[in-house]
Amino acid sequence: MSLIKKSQSFNEIPSYDKEYWWAKSPQERLDAALKLIQYAKELYKSNPANTPLDNGRRIFKSDSPVERRKR
């Protein structure tokens, strides 16, 4: 999977990225969305403290975030 940049503002996304995305067919965009959802579920499952997901349950955030190192 290539680098994905997130932005809260649609205007911050470079025009060439917008053109690339909208040049894709609807099926290609759906396939990309499915890959992102599957990747999010893998990340969620990688934390054993999270509750198991039911089929169709959405992931908003981790139930039990992993503790980070303290600096």
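Definitions and cut-offs
- Residues numbered from 1 in each chain as written.
- Predicted model: local features only at pLDDT ≥ 70, side-chain atom pairs only at ≥ 80, totals over all residues.
- Heavy atoms only, no water.
- Helix = DSSP H or I, 4+ residues; strand = E, 2+ residues; numbered from the N terminus.
- Buried < 20%, exposed > 50% of the residue type's maximum accessible area, 1.4 Å probe, protein only.
- Contact = heavy atoms within 4.5 Å.
- Areas by Shrake-Rupley, 256 points an atom, 1.4 Å probe, with all protein chains shown as cover.
- Patch = residues over 30% accessible without salt bridge, like charges linked within 9 Å, V, L, I, M, F, W, Y side chains within 5 Å.
- Salt bridge = Lys/Arg side-chain N within 4 Å of Asp/Glu carboxyl O.
- Lys, Arg positive; Asp, Glu negative; His and termini not counted.

**Brief notes about the overall build of the protein chain**
- For the protein chain, the helix and strand inventory stands at two helices and zero strands.
- Looking at the protein chain as a whole, 6% of its 71 residues qualify as buried.
- When contacts within the protein chain are restricted to residue pairs at least 6 apart in sequence, long-range pairs at least 24 apart make up 9% of them.
- Carbon together with sulfur atoms contributes 54% to the accessible area of the protein chain, which is approximately 7,200 Å² in total.

**As for a nonpolar patch on the surface**
- On the surface, Phe-10, Trp-21 and Trp-22 cluster together into a nonpolar patch covering about 380 Å² of accessible area.
- Among the secondary structure elements, Trp-22 is positioned in helix H1 (residues 15-23).
- Taking the relative accessible area as the measure of exposure, Trp-22 reaches 56% and is therefore exposed.

**Here we look at the side chain of Arg-29**
- Inspection of the secondary structure puts Arg-29 in helix H2 (residues 26-45).
- Buried and without a salt bridge, Arg-29 has Glu-28 as its closest oppositely charged side chain, separated by 7.0 Å.
- Excluding residues within four positions of it along the chain, Arg-29 makes contact with Trp-21, Trp-22 and Lys-24.

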